[in-house]
Protein chains: 2
Amino acid sequence: MSEQLLSSRNLAFELYEVLDAEALTQRPRFAEHNRETFDAALGTARTIAEKYFAPHNRKGDEHEPRYVDGRAELIAEVKPAVEAFLEAGFLNANRDFDVGGMQLPSLVSQACFAHFQAANAGTTAYPFLTMGAANLIESFGSDEQKRLFLQPMIEGRYFGTMALTEPHAGSSLADIRTRAEPAGDGSYRLKGNKIFISGGDHELSQNIVHMVLAKLPDAPPGVKGISLFIVPKYLVNDDGSLGARNDVLLAGLFHKMGWRGTTSTALNFGDNGQCVGYLVGKPHQGLACMFQMMNEARIGVGMGAVMLGYAGYLYSLDYARQRPQGRQVDNKDPNSPAVPIIEHADVRRMLLAQKAYVEGAFDLGLYAARLFDDTHSAPDEAARAQAQELLDLLTPIVKSWPSTFCLKANELAIQILGGHGYTREYPVEQYYRDNRLNPIHEGTEGIQSLDLLGRKLAQNGGAGLKQLIRLIATTAERASHHPNLDALRQPLEQLVNRLQAVTLALLGDLAQGRVAGALANSALYLKVFGHCVIGWRWLEQAIYAELGLMKGVDVDRDFYCGKLQAARYFLTWEVPGCHTELALLEARDDTCLGMQEGWF
Amino acid sequence: MSEQLLSSRNLAFELYEVLDAEALTQRPRFAEHNRETFDAALGTARTIAEKYFAPHNRKGDEHEPRYVDGRAELIAEVKPAVEAFLEAGFLNANRDFDVGGMQLPSLVSQACFAHFQAANAGTTAYPFLTMGAANLIESFGSDEQKRLFLQPMIEGRYFGTMALTEPHAGSSLADIRTRAEPAGDGSYRLKGNKIFISGGDHELSQNIVHMVLAKLPDAPPGVKGISLFIVPKYLVNDDGSLGARNDVLLAGLFHKMGWRGTTSTALNFGDNGQCVGYLVGKPHQGLACMFQMMNEARIGVGMGAVMLGYAGYLYSLDYARQRPQGRQVDNKDPNSPAVPIIEHADVRRMLLAQKAYVEGAFDLGLYAARLFDDTHSAPDEAARAQAQELLDLLTPIVKSWPSTFCLKANELAIQILGGHGYTREYPVEQYYRDNRLNPIHEGTEGIQSLDLLGRKLAQNGGAGLKQLIRLIATTAERASHHPNLDALRQPLEQLVNRLQAVTLALLGDLAQGRVAGALANSALYLKVFGHCVIGWRWLEQAIYAELGLMKGVDVDRDFYCGKLQAARYFLTWEVPGCHTELALLEARDDTCLGMQEGWF
């Protein structure tokens, strides 16, 4: 059996050829690291993922959390897996050495996390949610809040959640109804109901710290009146010891199609009027705070989608190599032996498409992680700001593109296994079910498309967009020195040029108040923009593959040829299709906008 | 709650406007029928589907068949549902009045069946498999076989299966290993293992008649050496009474991602050397016989895929109308009330795409059923032969197109429901899981693409293809009298012209022995050909919608406007995208063919 979680050769290509992780060790923050320390962390992640996470992936699916006496009960295998993750220090992979962290760049820690995401999406969610909640308190909490809640999270004693969604409001956070009344002692009393709260109950940790959005009595209407609160499952005494159970009730569990290992809960806050919460940051500024967590979460969701796609790709690749069936289409001799199905052109198509999707998205996810590193460790302030602008622009793509296209990869993995792929005796159907959540949570595809077209493009005077276009032009220029890459570069250049024109036109419409028309086909825009970004990343990979081939190392030849063929697949099979969507965008096509409710 | 299974207005449109079911009553075979008898049958189907099939659809998913003491145990609700289906006469919907049948045209019986397929795919499979097996014995069985096996199937006492697939061979029927030795008394002894046999065990009927493919001792190699056998679960005495249990062992059950209500079995034939079978038709001609059943089954699979898509569409449409959330994108007043999500352009896009997929495929499925009627009841022999030629050509599309695009519809239905759609508390995730089987069974998409490009196109000197192109040209000519339809007609004409040229070129390659290159991108060809056929059917629907609007009946106005908008969506959003695939086909692109195994 070949590698199951991800290809370590491809990971090394990304880290040490394309994204130059070693250059980060020139920066003071990462000066004590080197390729050896990076590889040691990656090796540990892989070992723990294979030993503690992968083995119960199916069991977690078959035995989803149960509601027992007001508690959520998980299978026994989750706790030791999470503990191994904690003990290895991954919860604090990016924190300073002096608080016990590993002080790794995000580029490397995301690559570590990728192993867990491929091995077991359900179990991985618990520490991931905790990291997000901890980062939020670290950024916006008071010293007291850090002492009482952050510190035990860093130590792995408390876990975290993010509690945004309410039954009536869904994606529309402006309409949340959870209220927070000042109690007079600096704390608040919350009252409201939240749904789809992942990790909302379990007994993996001593306490659970819910990061809850709610409205103060004097809140202005809409998103400008949302505040952020810490609401612990158990109250915490001033000396850090646990107090009474807080008035947070597990109202029930949701039963999902996939991703069943992660408890999805309905939580009632303040049914008995006694739900204690603590304001984080300033009143009415909660959404801005939460967006930090959401942006991190969105990159995490994107990488999670990539890794489910990656695991399915590797499984179906291995299957296609092992499984003999049928003959070449031009061989009519029934006495000749059956060939492995990877010999069939259509199976190769399905493998190549998967490779193009998952390795393209994997590159983008790691590129985003490296941008995140730049936002705080780049040598000068201007570079840090630039990185932030580009990361902001790319976040909707980093989240949504893998959610759509790595799900498509999972669909292809099932198809390669045929009837077997459709049974629960093989893992690919679970990857497909698990991955179907990703286009929904942390902002649906529709929300991402509006975020991109209606907000991110014009942010900072379009600085992120201009930067991206410059970067793509630079890549194309470098590619132009490799005649082999002409056929790959040209479709990307055609796409970028036309996309740029469409973008300016749509931004013009928005500026002139033609909002409904400009945003009507935001889904098409999201797809084209995403293909442009992934096409760019594939051209980058192709350049490094060409450089690699020029080194003439025999053992690497096949790897680089595969990279070039996958780049060719994406840039010549997938990218040209975007002109259909561009034509519709150019025409401000109103087919969907003009459809009347009564006509359905 | 609006209609849950299918829109009866749309069904009436198809039957009485587009496909003119009443014209069939001019033919002697259907002379005793009229619109009232058709509607009575449809009403009965709907009532039984709603009363007996729909209510246990979720339960059948949650409580899949269990292996107990060598038997498959189903939930109790399946039997009364199947009995209601039998008692209403649907098993013999197409059989002659004088054997107790309803003598309905297939057009109407398929429309009846559609209700059951939408209500409960799992339970519906049992009578459907029985119909297929019965038709096979009716066509190819001896009088004795008809007396002993067909008659009790017609009476609903015996059920049937088709047993083709073997563990090592999958889609490659040439390589099956099940053997049949003559026993000297005219019967045979079978030995071999079959997998994925739907309905392979249950206690819904007194007996199960397996239609089994196996090889005789003197069989030539490959598909020319396959014979067809009746292998009953219980032997049948000459007087029709049941004898001993035959040597057919239920080796185990498969546990599927969806479609769980239908038992999927592994069957061992002849573990004890005592498996009695009876040859059906001539030796070595089994595959030709089985293809009759497979062609029927493929149309059934296509319609099944449509109806899962249809049920999801109607559910998500109803949800989008009821569910208030958010505001119009150009409304920034947070105090304004939330609007039903159907008001959001992107939700309308997802609904319109579903409508275009499911109503386009529904039309094609019924069109195929009407062609089937023509193959045996058209007034003259030439018309019957023509219908058969066209039906043969269209069968891969009727099977594969809904399997891909109505699954996509189910994906969109989930997306509209958001987080709720991902939970098992709502039905759309089950439709998605159920529908994922359809691109796999009864010939995968890959098999269908090779069947179309490598076999069906050139069959009968390309007569089916020429006929199709003529029919599309006639539709386009009729559409040209409606200036409103110009923008819909032109993309179809452009597609057909280019597709015709590509088709001739590929057939030329095949004729000159460049087989591997010509078939390498068969998946692209299948997609484009399918879009061409569905685009044609949408233009037909649009013409009837225009004619309907001209009648000026107020109550129908919305319905026809919706039809025109869905036709516009399909022909202007989906059809133009095919030029990307056409360009790759024209170039004989070898990206996938050229990918080497070692490069992955």
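Residues numbered from 1 in each chain as written. Chains lettered and ligands numbered in written order. Predicted model: local features only at pLDDT ≥ 70, side-chain atom pairs only at ≥ 80, totals over all residues. Heavy atoms only, no water.

1. Structural notes on the relation of the copies chain B and chain A
Argument step 1. Rotating chain B by 180° about the axis while translating it 0.0 Å along that axis superimposes it on chain A, leaving an RMSD of 0.0 Å. The operation mapping one copy onto its partner corresponds to a two-fold rotation axis. For chain B, the minimum C-alpha distance to the rotation axis belongs to G577 of chain B and amounts to 3.2 Å.
Argument step 2. Both copies contact each other with a shared surface, as 100% of the interface residues of chain B are interface residues in chain A too. (Least-squares fit on C-alpha atoms with pLDDT ≥ 70 in both. Contact = heavy atoms within 4.5 Å.)

2. Quick notes on the environment of Y367 of chain B
Argument step 1. With respect to the helices and strands, Y367 of chain B occurs in helix α9 (residues 345–377).
Argument step 2. Filtering out sequence-adjacent residues up to four positions away, Y367 of chain B remains in contact with L19, L390, L394, L471, W536 and R537 of chain B. (Helix = DSSP H or I, 4+ residues; strand = E, 2+ residues; numbered from the N terminus.)

3. Here's the deal with helix α17 (residues 557–574) of chain A
Argument step 1. The end-to-end C-alpha separation of α17 of chain A is 25 Å, in line with the 26 Å expected for 18 residues at 1.5 Å each.
Argument step 2. Across the 18 residues of α17 of chain A, 15 count as buried, placing the element largely inside the fold. (Expected span 1.5 Å × (residues − 1). Buried < 20%, exposed > 50% of the residue type's maximum accessible area, 1.4 Å probe, protein only.)

4. Regarding the nonpolar core
Argument step 1. F362 and F529 of chain A together with F362 and F529 of chain B are the most contacted members of the largest nonpolar core, which totals 292 residues.
Argument step 2. If sequence neighbours within four positions are ignored, F529 of chain A has contacts with L393, I397, L452, L457, L465, L468 and L499 of chain A. (Core = buried A, V, L, I, M, F, W, Y, C linked by side-chain atoms within 4.5 Å.)

5. Section: the packing of aromatic side chains
Argument step 1. Summed over the entire model, instances satisfying the criterion amount to 51 aromatic pairs over all chains.
Argument step 2. Note on Y310 of chain B and F362 of chain B: the rings are 5.4 Å apart at their centroids and 90° apart in plane angle, and the pair reads as edge-to-face. Of the two residues, Y310 of chain B sits in helix α8 (residues 286–322) while F362 of chain B sits in helix α9, which places them 52 residues apart along the sequence.
Argument step 3. Linked through ring pairs, F53, F85, F90, F113, F116 and F128 of chain A together constitute an aromatic cluster.
Argument step 4. The ring of Y432 of chain B has R436 of chain A lying over it, and the distance from NZ or CZ to the ring centre is 5.9 Å.
Argument step 5. We note R537 of chain B situated over the ring of W536 of chain B; from NZ or CZ to the ring centre the distance is 4.8 Å. (Phe/Tyr/Trp six-rings, centres within 6.5 Å; stacked < 30°, edge-to-face > 60°. Lys NZ or Arg CZ within 6 Å of the ring centre and 35° of its normal.)

6. Considerations on the packing of helix α1 (residues 8–18) of chain A against helix α9 (residues 345–377) of chain A
All names here are of chain A.
Argument step 1. Between α1 and α9, whose axes approach to 11 Å, the crossing angle comes to 45°. Viewed along their axes, α1 and α9 adopt a mutual orientation that is oblique. Where α1 crosses over α9, the handedness of that crossing is right-handed. Where α1 abuts α9, its residues N10, L11, E14 and V18 lie against E359, F362, D363 and L366.
Argument step 2. Tallied by class, residues from the contact of α1 with α9 come to 4 nonpolar, 1 polar and 3 charged. (Axes fitted to C-alpha atoms, helices over the stretch in contact; angles between N-to-C directions. Parallel < 35°, antiparallel > 145°, perpendicular 65-115°, else oblique. Left-handed = near helix turned anticlockwise from the far one by under 90°. Nonpolar A, V, L, I, M, F, W, Y, C, P; charged D, E, K, R; others polar.)

7. Comments concerning the UniProt feature "domain: Acyl-CoA dehydrogenase/oxidase C-terminal" (unreviewed entry) in chain A
Argument step 1. Residues given the UniProt feature "domain: Acyl-CoA dehydrogenase/oxidase C-terminal" (unreviewed entry) here are residues 285–450 of chain A.
Argument step 2. For residues 285–450 of chain A, the helix share is 73%, the strand share is 0%, and the end-to-end C-alpha distance is 22 Å. (UniProt positions renumbered as here; feature names shortened; annotations may be inferred.)

8. Details of the confidence of the model for chain A
Argument step 1. In this model, chain A carries an average pLDDT of 96, and 100% of its residues clear a pLDDT of 70 or more.
Argument step 2. Of the two predicted TM-score estimates for the complex, the pTM is 0.97 and the ipTM is 0.97. (pLDDT = per-residue confidence, 0-100.)

9. Concerning the side chain of T423 of chain A
Argument step 1. With respect to the helices and strands, the residue T423 of chain A is situated in the loop between α10 (381–417) and α11 (428–435).
Argument step 2. What makes T423 of chain A buried here is its relative accessible area of 2%.
Argument step 3. The residues touching T423 of chain A, leaving out its near neighbours within four places in the chain, are E429 of chain A together with F196, F254, H255 and K256 of chain B.

10. Here's the deal with unusual backbone geometry
Residues and elements named next belong to chain A.
Argument step 1. Unlike most non-glycine residues, D20 shows phi in positive territory, near 45°.
Argument step 2. Considering the arrangement of structural elements, one finds D20 in the loop between α1 and α2 (35–53).
Argument step 3. Residue Q103 is not a glycine yet carries a positive backbone phi of 50°.
Argument step 4. The topology assignment puts Q103 in the loop between α4 (78–87) and α5 (106–119).

11. As for the packing of α5 of chain A against helix α8 (residues 286–322) of chain A
All names here are of chain A.
Argument step 1. Orientation of α5 relative to α8, taken along the N-to-C sense of each, is 55°, at an axis distance of 8 Å. With respect to α8, the axis of α5 lies oblique. As α5 packs across α8, the resulting crossing turns out to be right-handed. Taken together, the residues of α8 that come into contact with α5 (itself represented by Q110, A114, Q117 and A118) are I299, G300, M303, G304, M307, L308 and A311.
Argument step 2. For the contact of α5 with α8, the residue count by class is 7 nonpolar, 4 polar and no charged.

12. Concerning the side chain of S187 of chain B
All names here are of chain B.
Argument step 1. Considering the arrangement of structural elements, one finds S187 in the loop between β4 (179–182) and β5 (188–198).
Argument step 2. A residue is classified by how much of its surface remains accessible, and S187, at 4% relative accessible area, is buried.
Argument step 3. Among the polar contacts made by the side chain of S187, one reaches the side chain of D185 at a distance of 2.6 Å.
Argument step 4. Discounting chain neighbours no more than four positions away, the residues touching S187 are E181, P182, V276, G277 and Y278. (Polar contact = N/O pair within 3.5 Å; in protein donor to acceptor, adjacent residues only side chain to side chain.)

13. Remarks on the state of the cysteines
Argument step 1. Throughout the structure, instances matching the rule amount to 0 disulfides over all chains.
Argument step 2. Its sulfur unpaired, C561 of chain A is 16 Å from the next cysteine sulfur, which belongs to C592 of chain B. (Disulfide = S-S within 2.5 Å.)

14. Things to note about the pairing of strand β5 (residues 188–198) of chain A
Residue and element names in this part refer to chain A.
Argument step 1. Pairing of strand β4 (residues 179–182) with β5, which is carried by 4 bridges, proceeds in the antiparallel orientation. Residue P182 lies in a different strand from β5, and its bridge partner there is Y188.
Argument step 2. Adjacent in sequence and paired antiparallel, β4 and β5 are bridged by 5 residues, among which G184 carries a positive phi angle near 95°.
Argument step 3. Bridge count for β5 against strand β12 (residues 276–280) is 2 bridges, and the pairing is antiparallel. Considered in β12, the bridge of R189 is made with V276.
Argument step 4. As judged from the 5 bridges shared by β5 and strand β11 (residues 264–269), these two strands associate in the antiparallel manner. By the bridge assignment, N193 is partnered in β11 with N268. (Pairing = 2+ DSSP bridges.)

15. Section: the pattern of salt bridges
A side chain of one charge can pair with a side chain of the opposite charge when the charged atoms of the two come close.
Argument step 1. Applying the stated rule across the entire model yields 85 salt bridges over all chains.
Argument step 2. The salt bridge involving E138 of chain A is made with R95 of chain A; its shortest N-O contact spans 3.0 Å. Taken together, the positions of E138 of chain A in helix α6 (residues 121–140) and R95 of chain A in the loop between α4 and α5 put the pair 43 residues apart, joining distant regions of the chain.
Argument step 3. Here E138 of chain A falls in the partly exposed class, since its relative accessible area comes to 36%.
Argument step 4. Close ionic contact of E429 of chain B with R433 of chain B constitutes a salt bridge, the shortest N to O distance being 2.8 Å. On the criterion of helical spacing, the pair formed by E429 of chain B and R433 of chain B is a turn pair, its members being 4 residues apart in helix α11 (residues 428–435).
Argument step 5. On the basis of relative accessibility, which here comes to 0%, the residue E429 of chain B falls in the buried class.
Argument step 6. Several salt bridges converge on common partners, so that one network encompasses R58, D61, R260, E429 and R433 of chain B. (Salt bridge = Lys/Arg side-chain N within 4 Å of Asp/Glu carboxyl O.)

16. Some thoughts on the pairing of β5 of chain B
Argument step 1. With 3 bridges joining them, β5 of chain B and strand β12 (residues 275–280) of chain B adopt antiparallel strand pairing. Paired with L190 of chain B across the bridge in β12 of chain B is C275 of chain B.

17. Notes on the interface of chain B and chain A
Argument step 1. Facing 93 residues of chain B, the contacting portion of chain A comprises 93 residues.
Argument step 2. Summed over both partners, the interface of chain B with chain A buries about 8,200 Å², with 59% contributed by carbon and sulfur atoms.
Argument step 3. When residues of chain B are sorted by the area they lose upon contact with chain A, Y422, W573 and F600 of chain B head the list and together hold 12% of the total.
Argument step 4. For the pair chain B and chain A, the interface holds 8 salt bridges. (Buried area = accessible area lost by both parts, 1.4 Å probe.)

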